[in-house]
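# Topology and contacts: notes
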Amino acid sequence: GAWINDPPRANATVTSLAFVSPSNFYFSRILNVFKRLGKHYKAFDVQFVVVARGERFFPFSESATKELIQTAGYALPVYLDPLSQYAYLWKAYADPAVNLVLQNGKVLSFDATTFDPVSLEKTIARLLKEAGATNLPTREFPGEGETKSCGHSQTIYLGSRFHRAWMPFSTIIDSRWL
């Protein structure tokens, strides 16, 4: 494999490490989220690293991956892992897989195959506080119920009205969606 952009620093307080295939729709999302969080937490020694891993039966093109990263304006470290060898060392079999690696070597893994920026950022903030960081910035990705009200009312549909709004052609049997 080869590095796109500079390789990561050693001994960062927290390193967020994502293993994701460039053919997965999460690839661009993770690049965008990591770029935002990288700017947001730069002063707190948090780094964000993406491992562009190959996927069985999907072609892996280094040139297309480099072009995608350049087009996205992504300047953080990306490791090209076309055969997923590095990903398998980390037991990152699912795509995407996101880990937080602490300075002491402890690794926190997130639910594979999903990527939730809210829970990732909450965990990063908690780890920084535990490491003694103060004056953390307001979170970049607030969770539901954590945003300020703008004074406009919202209509929330529950039950059958919710069901008809979101799945008008499905059938309900015994109170379950099919």
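Cut-offs used in this document
- Residues numbered from 1 in each chain as written.
- Predicted model: local features only at pLDDT ≥ 70, side-chain atom pairs only at ≥ 80, totals over all residues.
- Heavy atoms only, no water.
- Helix = DSSP H or I, 4+ residues; strand = E, 2+ residues; numbered from the N terminus.
- Buried < 20%, exposed > 50% of the residue type's maximum accessible area, 1.4 Å probe, protein only.
- Contact = heavy atoms within 4.5 Å.
- Areas by Shrake-Rupley, 256 points an atom, 1.4 Å probe, with all protein chains shown as cover.
- 1 Å grid on protein atoms, 1.4 Å probe; cavity = no way out; pocket = protein on both sides within 12 Å on 5 of 7 lines; lining within 4 Å.
- Points joined across faces, edges and corners; volume = space filled by probe spheres on them.
- Nonpolar A, V, L, I, M, F, W, Y, C, P; charged D, E, K, R; others polar.
- Salt bridge = Lys/Arg side-chain N within 4 Å of Asp/Glu carboxyl O.
- Pairing = 2+ DSSP bridges.
- Axes fitted to C-alpha atoms, helices over the stretch in contact; angles between N-to-C directions.
- Parallel < 35°, antiparallel > 145°, perpendicular 65-115°, else oblique.
- Left-handed = near helix turned anticlockwise from the far one by under 90°.

Turning our attention to the overall build of the protein. When helices and strands are counted, the protein shows five helices and eight strands. When the helices and strands of the protein are read in sequence order from the N terminus, they spell out β-β-α-β-α-β-α-β-β-α-α-β-β. A total of 178 residues make up the protein; the buried ones form 37% of that total. In the protein, the proportion of contacts linking residues at least 24 apart, taken out of those at least 6 apart, comes to 70%. Here the protein has roughly 11,400 Å² of accessible surface; of this, 53% comes from carbon and sulfur atoms.

In this structure, the largest pocket spans a volume of roughly 330 Å³. What lines the largest pocket is a set of 15 residues, and nearest its centre among them are Arg9, Lys42, Ala75, Leu76 and Pro77. Within the residue set of the lining of the largest pocket, elements represented by two or more residues are α1 (26-40) and β3 (46-53). Each residue belonging to the lining of the largest pocket can be placed in one class, and the counts come to six nonpolar, four polar and five charged.

Bringing the side chain of Thr123 into the picture now. Examined against the element boundaries, Thr123 turns out to sit in helix α4 (residues 117-130). Excluding its chain neighbours within four sequence positions, the residues that come into contact with Thr123 are Leu100, Leu108 and Phe110.

The next point concerns the pattern of salt bridges. Evaluation of the coordinates by the stated rule reveals three salt bridges. Note that Glu130 is salt-bridged to Arg126, the shortest N-O span being 2.9 Å. With a gap of four residues between them, Glu130 and Arg126 both fall in helix α4, about one helical turn apart. Its relative accessible area of 41% is what places Arg126 among the partly exposed residues.

With that out of the way, let us pick up the sheet that holds strand β6 (residues 107-109). Strand order in the open sheet made by the six strands is β1-β4-β3-β2-β5-β6, with mixed pairing throughout. Strand pairing shows two members of the sheet lacking a second neighbour, β1 (2-4) and β6, which therefore form its edges. Each adjacent strand pair in this sheet contributes to an overall mean axis angle of 25°, direction not counted. Two strands pair when backbone bridges link them, and strand β5 (residues 97-102) and β6 are joined in this way by three bridges, in the antiparallel orientation. Bridging across to β6, Asn99 finds its partner in Ser109. Here α1 sits on the sheet in contact with β2 (14-20) and β3, set at roughly 165° to β3.

Right, let's get into the environment of Phe25. Assignment of secondary structure puts Phe25 in the loop between β2 and α1. Distance from Phe25 to Pro96, taken between C-alpha atoms, is 9.7 Å for residues 71 residues apart in sequence.

Here we come to the packing of α1 against helix α2 (residues 62-71). With their axes 11 Å apart at the nearest point, α1 and α2 run at an angle of 40° to one another. One element, α1, and the other, α2, form an angle in the oblique class. Once α1 is placed against α2, the crossing between them reads as right-handed. For the pair α1 and α2, contact is made by Phe27, Ser28 and Leu31 and by Thr65, Leu68 and Ile69, respectively.

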